[in-house]
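Chain by chain, the residues run as shown.
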Amino acid sequence: MKNALISAGVVVAVIAGCATTQGSDPERQREAVETMKQSFHARGIAKMNRLNQDELQRVCTDTRDQPPANVQKRLEAAEMAEIKLPADGKFLGGWKRGEKIASIGRGMTWRDKPGRTSRGEPNGGGCYNCHELSPKVTSFGSVGPSLRQFGKKRGYGVDIQKYAYMKIYNAKAFSICSTMPRFGPSGTLTEQQMKDLTAYLMDPKSPVNK
Amino acid sequence: MRHALTLWIFVVLAAGFPISQAVAQTDPRTAEEFDRFRAIMEEANPAELFEVKGEELWKKKRGPKNASLEQCDLGLGPGVVKGAYVQLPRYFADTGKVMDAEQRVVHCMITLQGFSYAALAKRPFSRGSYTPDPVAIVTYIAAQSKGMKIAVRQSHPKELENYEVGREIFFYRAGPWDFSCASCHGQDNLRIRTQPLPNFTQPEQAARSFMGWPGYRMTGGVMHTLQWRLTDCFRQQRFPYLSYVSDTHTALLTYLGVNANGHEYRGPGIKR
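Residues numbered from 1 in each chain as written. Chains lettered and ligands numbered in written order. Predicted model: local features only at pLDDT ≥ 70, side-chain atom pairs only at ≥ 80, totals over all residues.

*Asks:* Could you clarify how one ought to interpret the overall build of chain A in this entry?
*Replies:* Secondary structure summary: chain A contains nine helices and one strand in total. Going from N to C terminus, chain A has its helices and strands arranged as α-α-β-α-α-α-α-α-α-α. With 210 residues in all, chain A has 37% of them scored as buried. For chain A, the proportion of contacts with a sequence separation of at least 24, taken over those separated by at least 6, is 62%. (Helix = DSSP H or I, 4+ residues; strand = E, 2+ residues; numbered from the N terminus. Buried ≥ 20, exposed ≤ 12 C-beta atoms within 10 Å, placed from the backbone. Contact = placed C-beta atoms within 7 Å.)

*Asks:* What should I look at first to understand the nonpolar core in this one?
*Replies:* In a soluble, globular protein the nonpolar side chains are often hidden away together inside. Residues Ile141(B), Ile169(B), Leu252(B) and Leu256(B) are the most contacted members of the largest nonpolar core, which totals 66 residues. Here this core gets eight residues from one element, more than from any other, and that element is helix 7 (residues 133–143) of chain B. Non-local contacts of Leu252(B), meaning those with residues more than four positions away in its chain, are made with Gly166(B), Ile169(B), Phe170(B) and Leu230(B). If you look at the next biggest cluster of nonpolar residues, it comprises 25 residues, including Cys127(A), Tyr165(A), Leu201(A) and Met202(A). (Core = buried A, V, L, I, M, F, W, Y, C linked by C-beta atoms within 7 Å.)

*Asks:* Is there a simple way to think about helix 10 (residues 203–210) of chain B in this case?
*Replies:* Given 3.6 residues per turn, any residue in an α-helix points the same way as the ones three and four places further on. Residues and elements named next belong to chain B. By the burial criterion, the buried members of helix 10 are Ala206, Ala207, Ser209 and Phe210. Down the axis of helix 10, the smallest arc covering the buried residues is 150 degrees, so these residues share one side. In this fold, the buried residues of helix 10 make contact with strand 6 (212–217), helix 12 (247–260) and strand 9 (264–265). Of the residues trailing helix 10, Gly212 is marked for its positive phi of about 85 degrees. (Arc of directions from axis to C-beta.)

*Asks:* I tried to follow the interface of chain A and chain B on my own but got confused; where do I start?
*Replies:* Many structure descriptions define interface size as the accessible area lost when the parts assemble. Between chain A and chain B, the contact holds 41 residues from the first and 36 residues from the second. Elements with a minimum of two residues in the side of chain A that touches chain B: helix 2 (26–39), strand 1 (40–41), helix 3 (55–62) and helix 6 (127–130) of chain A. At eight residues, helix 2 of chain A tops the list of elements feeding residues into the side of chain A that touches chain B. When the residues that make up the side of chain A that touches chain B are grouped by side-chain class, the tally is 14 nonpolar, 18 polar and nine charged. Where strand 1 of chain A lies against strand 8 (residues 241–242) of chain B, two bridges are found, and the strand directions are antiparallel. (Nonpolar A, V, L, I, M, F, W, Y, C, P; charged D, E, K, R; others polar. Pairing = 2+ DSSP bridges.)

Rendered as structure tokens:
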């Protein structure tokens, strides 16, 4: 009798939890996916496979960006394995080129070309869309943390250079449901571009560190 | 007409509103200042010219069937335009589905007037001096709900279902950059560059998804509806192309609209 009451209590608690949580509803999600498949069509470089979720996207969607710790660890390790470090072991490119890449938010849309924007430039990293960087640039976003004095605050050592490069390459390796795109695995940025951005953050002469 | 509008905008801007300075600042008052600027502009909004054009298009006999849109049912009965915009999207028995304002207008243009979807979907958005007919018509319809409370219905089972489907779409992360609508619009106090991003999961801020649309967008000097806004959001999310008047637009508009319920709709607005 006592066990039955406890079981009933657990069931009620779970149902009550489901009613109040804003988590994903599998049935409605199936309908949503079906609706989207009929609503979208391929255009330019944006093919319909862009609607297919990988495991990371599915988990982050289902858990509203708050996956259980064990799942988080496993997925972060998988993302870490995707990071390709530069063969020459050097992480710093040119900060002036990095500043340009950080300022351009174009590329990868259905208007753009493979590896280039609709204007014919290389893809940008769109960093200023979300981050504060150079003190001279006041039109910065707040989706991500400020990167002012990134190198100055952390030290200019090779270990920090490597960390910055890895973070730019695949931010999800460090925080699985981060809003920051996976610039390396997605093919958005080249190795040289990511080195240039690393220099923008880590070169003592970069305006970011003034 | 377009040159007159452009000239008018320049006159107002030259009158001294330091908009470039305001935009350059990172001060949160910038959003406040722009709201005040917007309120001034809305008193003599270029959108009114499109409302007039839309009313003409509503009443004129056009298309292969040489009929007007005056028998079009926007949910309150054939031809009833007043109050229709703030109760859309809603379920329609004649089509058996939930439909939003522009989807319903296009439906009426096809069934009553004989226009084709393909023709309307070919150039669905304003550019330069070109404004598609559905955009002007939706602007007219929206103006007839000015001052009314947003009241998107949640009584038919399909309306309830549509809200939930809209919510799942809102949170769906996909594409090469892993973005969902919620990536930008699911938290408080986010900003892309200097553009504040309302959190549409919260009722107070969800009203800002409904408010101001259709809107006269100063960038480019064009009239846009929520069809344009949602399609361009998905472009920037690096998704494929969202087809004109799709059911994904509708589901999202139900989700956003219901979240905004109760707030006063001030009619077509003005955008950066």
